[in-house]
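Secondary and tertiary structure notes
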Amino acid sequence: MKADIHPQYRDVVFQDVTANFAFLTRSTLSSKETIKWEDGNEYPLLKVEISSASHPFYTGKQKLVDTSGRVDKFRKRYAK
């Protein structure tokens with residue numbers, strides 16, 4: 001393999017901002033934010049909106065979104 005062409009693979013913390021859930025894993029993504037983890041070390045922090053703690057498939061909770069207004073607006077706009 002060629003040297004210095006691969007991104008750095010390191011420990012990072014992913015934090016689900018909607019469920020207040022975080023987990024430590026390894027990734028090539030980088031971040032300017034850091035967080036002090038349970039082991040006392042500081043790791044880069046990556047914030048995500050959906051994880052297994054907040055996704056409806058894993059939690060079993062469905063979030064209903066009122067789309068009737070959007071559907072009606074679409075039908076009016078493209079009615080023939």
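The next subject is the confidence of the model for the protein chain. When the pLDDT values of the protein chain are averaged, the result is 82; 80% of them are 70 or greater. Mean pLDDT values for the elements of the protein chain range from 61 in helix 1 (residues 56-59) up to 94 in strand 3 (residues 34-36).

A few words on the pairing of strand 1 (residues 10-16). Strand 1 sits mainly inside the fold: 6 of its 7 residues count as buried. Sheet analysis places strand 1 next to strand 2 (residues 21-27), joined by 7 bridges and oriented antiparallel. Residue pairing in the sheet places Asp-16 in a bridge with Phe-21 of strand 2. Once strand 1 ends, the chain turns through 4 residues before running back antiparallel as strand 2, passing Asn-20 with a positive phi of about 55°. Direction of pairing for strand 1 relative to strand 4 (residues 42-48): parallel, over a ladder of 4 bridges. Across the sheet, Asp-16 pairs through a bridge with Val-48, a residue of strand 4.

Residue placement: Thr-34 occurs in strand 3. Note on Thr-34: relative accessible area 46%, which makes it partly exposed. Residues Thr-34 and Val-13, 21 residues apart in the sequence, show an inter-C-alpha distance of 8.5 Å. In this structure Thr-34 touches Glu-42, Tyr-43, Pro-44 and Leu-45, once residues within four positions along its chain are discounted. Polar contacts involving the side chain of Thr-34 include one to the side chain of Glu-42, which spans 2.9 Å.

Thresholds applied
Residues numbered from 1 in each chain as written. Predicted model: local features only at pLDDT ≥ 70, side-chain atom pairs only at ≥ 80, totals over all residues. Heavy atoms only, no water. pLDDT = per-residue confidence, 0-100. Helix = DSSP H or I, 4+ residues; strand = E, 2+ residues; numbered from the N terminus. Buried < 20%, exposed > 50% of the residue type's maximum accessible area, 1.4 Å probe, protein only. Pairing = 2+ DSSP bridges. Contact = heavy atoms within 4.5 Å. Polar contact = N/O pair within 3.5 Å; in protein donor to acceptor, adjacent residues only side chain to side chain.

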